[in-house]
Amino acid sequence: MRKYKTRVTRKVINDALRKRRRDESLRPGGGYFYFGGGEAVNWLTNSVRVQRLSDLTLEQWLEEFDKLLKIDKKLHKRK
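The rules we used
Residues numbered from 1 in each chain as written. Predicted model: local features only at pLDDT ≥ 70, side-chain atom pairs only at ≥ 80, totals over all residues. Heavy atoms only, no water. Core = buried A, V, L, I, M, F, W, Y, C linked by side-chain atoms within 4.5 Å. Buried < 20%, exposed > 50% of the residue type's maximum accessible area, 1.4 Å probe, protein only. Helix = DSSP H or I, 4+ residues; strand = E, 2+ residues; numbered from the N terminus. Contact = heavy atoms within 4.5 Å. Arc of directions from axis to C-beta.

### A word on the nonpolar core
Reasoning step 1: Counting residues in hydrophobic clusters, the biggest one holds 18 residues, and the most contacted among them are L26, F35, W43, V48, L53 and W61.
Reasoning step 2: Elements that contribute at least two residues to this core include exactly α1 (10-19), β2 (33-36) and α2 (58-78).
Reasoning step 3: The greatest single-element share of this core, amounting to five residues, is contributed by α2.
Reasoning step 4: Those residues in contact with L26 that lie beyond four places of it in its chain are R10, I13, N14, F33, Y34, F35, L53 and W61.

### Section: α1
Reasoning step 1: Buried within α1 are the following residues: I13, N14, A16 and L17. All buried residues of α1 project into a common sector of 155 degrees when viewed along the axis, lining one side. Those residues of α1 that are exposed and aimed more than 90 degrees away from the buried face are K11 and K19.
Reasoning step 2: Of the residues flanking the end of α1, it is R21, one or two places downstream, whose phi is positive at about 65 degrees.

Set out below in structure tokens:
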């Protein structure tokens, strides 16, 4: 039996963030995507430089979110 990979869409990514009880959402930019809303409105870095959503898997998108969240928390601790 073949396994079908779920197509990566903004809705799929944002639904995954909601399951984590996050208020942020993935939004399109010009040649990149960024996380907006929630805590991300105050992040110094919130963008991911990819041309297409499908350049990353859902797991990779969530890893990018976690990485940006971690960077922000680290920067705010320095203040």
